[in-house]
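Commentary on secondary and tertiary structure
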Amino acid sequence: MSIRSTSPHSASGSASSRGTESDGRRSAAAARRRAREADIVAATRTLFDERGVSDAQIEDIAKAVGINRAIVYRHFTGKDEIFALTLVGYLDELRERMLTATEGDSAPTDVVRDVVGTFVDYGIEHPAFVDCAQTLMRRSGSDLLDELSESALFRLGRAMNGCLTILTTVFEDGAASGELHVKDANLLANTLYASGLGALQLARVGILVSESAPGVPTVGSVSPDQVRDFLVTSALALTAK
């Protein structure tokens, strides 16, 4: 009787081959998952731009991708996470526009005017960006930490920081040159972002409430251009020496 022996080298090669195949399958599965997630976020963005944030439902998003809602929840922790990752796309676009606005050798006050104006212009052009950002800002920090995955939080934070850093750098450079007066550039950038979102909502509503006589309210109008001028003027006033 003969016994067929398997050399250690052969056994090792076979195990290595199986390991490579397994790694390949995992990589392919991960790639499919990322592609599906990207499809869902893209469909959400399209619905936001077409219908607005409030009218975009999970069922509509799933239908646009050609899947059922249960599969959506396999990829995301919930609606807030889909909103957060959709907001990342808006913020990435906004960052590129803000970065372009800083180009050139303009004076710091001119750069502030251009960057803040760019933020306002983008918000007016993309009202769903404003809605999406405000929806998430209405949640407490602890709620977002509980409801978003670490990956989604990281991507959202990186996208927000990408925009805020541009404004912070403009303030810091202006203060360093002695042409702007800014004590806390990061706080000012974050404050302008938050207040800017509120002002952009005012621009969309287009209504000002005032008093025509003591105790008698009246309604007036406000245009996007007026809101834009106000935000730019406010930013310049907050950085004036």
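Shown above is the structure to which this text applies.
Model, not experiment: these values are computed from the prediction.

Considerations on the overall build of the chain
When you go through the chain residue by residue, the secondary structure sums to 10 helices and 2 strands. Each helix and strand of the chain, ordered N terminal to C terminal, gives the series α-α-α-α-α-α-α-α-α-β-β-α. Among the 241 residues that make up the chain, the fraction classed as buried is 37%. Counting only contacts in the chain whose residues sit at least 6 apart along the sequence, the fraction spanning at least 24 positions is 69%. When the accessible surface of the chain is totalled, it reaches about 13800 Å², and 53% of it is carbon and sulfur.

Section: the nonpolar core
Leu87, Leu91, Phe129 and Phe171 are the most contacted members of the largest nonpolar core, which totals 66 residues. Take this core: its biggest share by element is 11 residues, from helix α4 (residues 79-101). Beyond its immediate sequence surroundings of up to four residues, Leu87 is in contact with Phe129, Cys132, Ala133, Leu136 and Leu156.

Structural notes on the packing of helix α5 (residues 108-125) against helix α10 (residues 224-239)
Remark: α5 packs on α10, axes separated minimally by 9 Å, with the N-to-C direction vectors making an angle of 145°. Helix-helix and strand crossings are classified by hand; for α5 and α10 the assignment is right-handed. Of the residues in α10, those in contact with Thr109, Val112, Arg113, Val116, Gly117, Thr118, Val120, Asp121 and Ile124 of α5 are Pro224, Arg228, Leu231, Val232, Ala235 and Leu236. Grouping the constituent residues of the contact of α5 with α10 by class yields 9 nonpolar, 3 polar and 3 charged.

A few points about the packing of aromatic side chains
Within the structure shown, the criterion is met by 5 aromatic pairs. Considering the side-chain rings of Phe119 and Tyr193, the 5.9 Å spacing of their centres and the 55° angle between planes classify their relative orientation as tilted. Within this pair, whereas Phe119 is found in helix α5, its partner Tyr193 is found in helix α9 (residues 185-205), the two being separated by 74 residues in sequence. Of the two residues, Phe119 and Tyr193, neither departs from the other in class, the shared state being buried. Plain terms: the ring middles of Tyr122 and Phe129 are 5.5 Å apart, the flat faces sit at 70° to each other, and that makes the pair edge-to-face. As far as burial versus exposure is concerned, Tyr122 and Phe129 are alike and both buried. Taken together, Tyr90, Phe119, Tyr122, Phe129 and Tyr193 form an aromatic cluster joined through their ring pairs.

Points about the pattern of salt bridges
Under the counting rule described, the total for this entry stands at 9 salt bridges. A salt bridge links Arg45 to Glu93, with the nearest nitrogen and oxygen atoms 3.1 Å apart. Here the residue Arg45 occupies a position in helix α1 (residues 8-51), and Glu93 occupies one in helix α4, the gap between them amounting to 48 residues. Take Glu93: its relative accessible area is 31%, and that puts it in the partly exposed class.

Observations concerning the environment of Glu81
As for its placement among the helices and strands, Glu81 is situated in helix α4. Note: C-alpha distance between Glu81 and Leu148 (67 residues apart in sequence) is 5.4 Å. With residues up to four places along the chain from it excluded, the contact list for Glu81 reads His75, Phe76, Glu147, Leu148, Ser149 and Ala152.

Concerning the pairing of strand β2 (residues 216-221)
Taken across its 6 residues, β2 has 0 buried, putting it largely on the surface. Of the strand pairs in this sheet, strand β1 (residues 207-213) and β2 are connected by 6 bridges, and their pairing is antiparallel. Considered in β2, the bridge of Glu211 is made with Pro217. Hairpin remark: β1 followed by β2, antiparallel, with 2 residues in the connecting loop; positive phi at Gly215, about 80°.

What counts and how
Residues numbered from 1 in each chain as written. Predicted model: local features only at pLDDT ≥ 70, side-chain atom pairs only at ≥ 80, totals over all residues. Heavy atoms only, no water. Helix = DSSP H or I, 4+ residues; strand = E, 2+ residues; numbered from the N terminus. Buried < 20%, exposed > 50% of the residue type's maximum accessible area, 1.4 Å probe, protein only. Contact = heavy atoms within 4.5 Å. Areas by Shrake-Rupley, 256 points an atom, 1.4 Å probe, with all protein chains shown as cover. Core = buried A, V, L, I, M, F, W, Y, C linked by side-chain atoms within 4.5 Å. Axes fitted to C-alpha atoms, helices over the stretch in contact; angles between N-to-C directions. Left-handed = near helix turned anticlockwise from the far one by under 90°. Nonpolar A, V, L, I, M, F, W, Y, C, P; charged D, E, K, R; others polar. Phe/Tyr/Trp six-rings, centres within 6.5 Å; stacked < 30°, edge-to-face > 60°. Salt bridge = Lys/Arg side-chain N within 4 Å of Asp/Glu carboxyl O. Pairing = 2+ DSSP bridges.

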